[in-house]
Structures are given as C-alpha cells and as structure tokens.
Amino acid sequence: MILKEKDKVLVGKFLKKIPAFGNLSNKRVEQIINDFTICTFHAGETVFYQTDKSSDMYIILEGKVKVTLLSEEGDEFVLTDLNQGDFFGEMSLIDGNPRSASVIAEEDSTFAVLERNRFLDAIKEDPEIAIDLLKSLVQRLRNATEREESLAFLAVHQRLVKLFIKLIKDEGKKTKNGFYLIKRRTHKEIAERIGASRESISKVVKKLVSGNLIIENGDLFLLSPGLFEDIDELTD
C-alpha cells in the first residue's frame with residue numbers, strides 16, 4: 001500500500017528516531033520515506049516466521065508485536081515486546097539471510113516497510129546509515145547477552161523480578177502508597193518471557209501473592225516496593 005500524506009508524517013517522525021537515519025538531513029529523510037510501503041496485521045497474525053526468506057525492515061506505526069522463538073516441541077520463548085516507534089527485521093535487512101525469529105502482532109498493528117533493495121540503494125548514497133544501523137544491532141545483541149546470562153544464572157524468582165522491572169519502566173505507574181501498577185499477565189505469558197515453565201511461575205506468583213508482594217486486581221498487577229528491595233534500578 002502506498003503511503004498517504006498522514007502516513008508519511010508518521011514514518012518521518014519515527015524514522016528520525018532510528019539511529020541509522022537520525023543523522024540524515026530532512027531532505028534526505030523525505031526521499032527515503034517515499035521508499036516505504038504500508039501493511040497491516042490483525043492481533044494474533046504472524047508478520048513473518050522464523051526461517052522465512054524475507055528481508056524487509058518494519059517500523060511499527062501503530063500497535064504492538066512480540067518477537068519469539070519456537071522450539072521443535074512447540075514451546076514459545078518471547079525474546080522481547082516491541083511498541084509504536086520500534087523497528088525490527090534489521091538483521092535480514094543487512095545480511096539477506098532468513099529470519100532468526102518470528103514476529104507476531106499482539107494487537108491490530110500498522111507497519112511501514114522498507115524493502116532490502118531500497119535499503120541497499122540508500123546506503124550507497126549514505127554509507128553512514130549502515131554504520132549506525134550496525135551500532136543499533138550491536139546494542140540489541142548486548143541486551144540479548146544480558147538476558148541469556150539471566151536465564152543461565154538467575155533463579156525463577158529473580159528472573160520474574162527483572163521482568164517486572166522492565167515492565168514497570170515500559171508501562172508502569174507508581175501509586176501514592178508506593179506500589180507499582182502494570183498490566184496483568186497470565187502465567188503462560190510470563191513463562192514465555194523468562195524461559196520458565198508455567199508451573200514454576202504459578203508457584204512463585206502464589207508465594208508472592210500470599211506475602212502481599214503482588215496483588216492481583218482485575219486486569220492489573222499491583223507490585224509492592226518490598227519486591228524490589230536492594231535493587232537500585234527503580235530508584236526515583
């Protein structure tokens with residue numbers, strides 16, 4: 001789908017926030033915007049599958065996606081969640097190889113899509129685009145390494161607390177009594193994000209609930225500040 005004028009404005013806004021394009025002139029950004037197309041996916045639909053031979057880059061204009069790995073047994077492990085303004089698909093964009101993970105729309109979503117051949121044309125004119133995109137890729141690899149360390153060395157309780165810290169930073173609100181509000185997740189959703197079994201998550205959450213460190217309130221979790229004692233990441 002060709003970009004409408006309102007889509008061009010939105011793509012330009014988010015494109016300037018991507019390190020690979022942030023240092024370009026406004027004129028050059030406007031030229032690159034015209035290389036994008038628009039596509040939409042409904043909640044639950046797969047944008048692309050792991051091992052797919054596609055190589056486009058996507059910017060999320062509206063909606064939310066999860067990036068996942070699927071084991072041979074059918075178990076899903078969620079690598080990360082991405083929201084409006086985030087981008088994905090840059091690895092295949094750079095090397096042209098099949099997808100290393102699957103991406104699934106968690107809600108109805110709209111994307112701006114840049115084909116690999118258009119990207120290659122862009123870096124021929126502006127080689128610094130590739131350098132800056134590689135910097136972004138390296139940062140994501142560092143984040144992945146940190147997550148792997150958590151899976152290797154941290155107990156389920158500790159991994160759960162680290163997940164809560166991330167969710168608080170992404171979406172949380174602090175109440176007057178010091179509790180943190182985040183969207184409630186099912187035990188299955190939590191397990192998929194920290195590499196644990198649903199049964200082990202149920203046991204840990206049940207223990208935290210009984211200790212009033214987690215309060216389940218409708219579609220919200222209320223997280224006690226006591227859950228994060230001796231952790232500096234949430235200090236104001």
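Structure first, text after, so check above.
Residues numbered from 1 in each chain as written. Predicted model: local features only at pLDDT ≥ 70, side-chain atom pairs only at ≥ 80, totals over all residues. Heavy atoms only, no water.

In space, the four strands of this open sheet follow the order S9-S10-S12-S11, with antiparallel pairing throughout. Looking at the sheet topology across the chains shown, the edges are occupied by strand S9 (173-174) and strand S11 (214-217). (Pairing = 2+ DSSP bridges. Helix = DSSP H or I, 4+ residues; strand = E, 2+ residues; numbered from the N terminus.)

Another aspect to go through is the side chain of Glu192. Here Glu192 is to be found in helix H8 (residues 187-194). A polar side-chain atom of Glu192 sits 2.5 Å from a polar atom in the side chain of Lys188. Not counting residues within four places of it along the chain, the set of residues in contact with Glu192 comprises Lys66, Glu76, Phe77 and Val78. (Polar contact = N/O pair within 3.5 Å; in protein donor to acceptor, adjacent residues only side chain to side chain. Contact = heavy atoms within 4.5 Å.)

The next point concerns the packing of helix H7 (residues 156-171) against helix H9 (residues 198-210). Two numbers describe how H7 lies on H9: the axes approach to 10 Å, and their chain directions differ by 75°. Compared by their axis directions, H7 and H9 come out roughly perpendicular. Counting all contacts with H7, which are made through Val156, His157 and Leu160, the residues of H9 involved are Ser200, Ile201, Val204, Val205 and Leu208. Here the residues of the contact of H7 with H9 are counted per class, giving six nonpolar, two polar and no charged. (Axes fitted to C-alpha atoms, helices over the stretch in contact; angles between N-to-C directions. Parallel < 35°, antiparallel > 145°, perpendicular 65-115°, else oblique. Nonpolar A, V, L, I, M, F, W, Y, C, P; charged D, E, K, R; others polar.)

Time to look at the nonpolar core. In terms of nonpolar packing, the biggest core is built from 25 residues, with Leu15, Phe21, Ile32, Phe36, Met57, Ile59 and Ile129 touching the most fellow members. Contributing elements (two or more residues each) for this core: helix H1 (5-15), helix H2 (19-22), helix H3 (26-33), strand S3 (57-62), strand S8 (109-114), helix H5 (116-125) and helix H6 (128-153). With near-sequence residues (within four places) excluded, Phe36 lies in contact with Leu3, Val11, Leu15, Met57, Ile59, Ala112, Val113 and Leu114. Counting 23 residues, the second largest nonpolar core, distinct from the first, contains Val156, Leu163, Leu167 and Ile182. (Core = buried A, V, L, I, M, F, W, Y, C linked by side-chain atoms within 4.5 Å. Buried < 20%, exposed > 50% of the residue type's maximum accessible area, 1.4 Å probe, protein only.)

The quantities given are spatial measurements derived from coordinates; they are silent on function.
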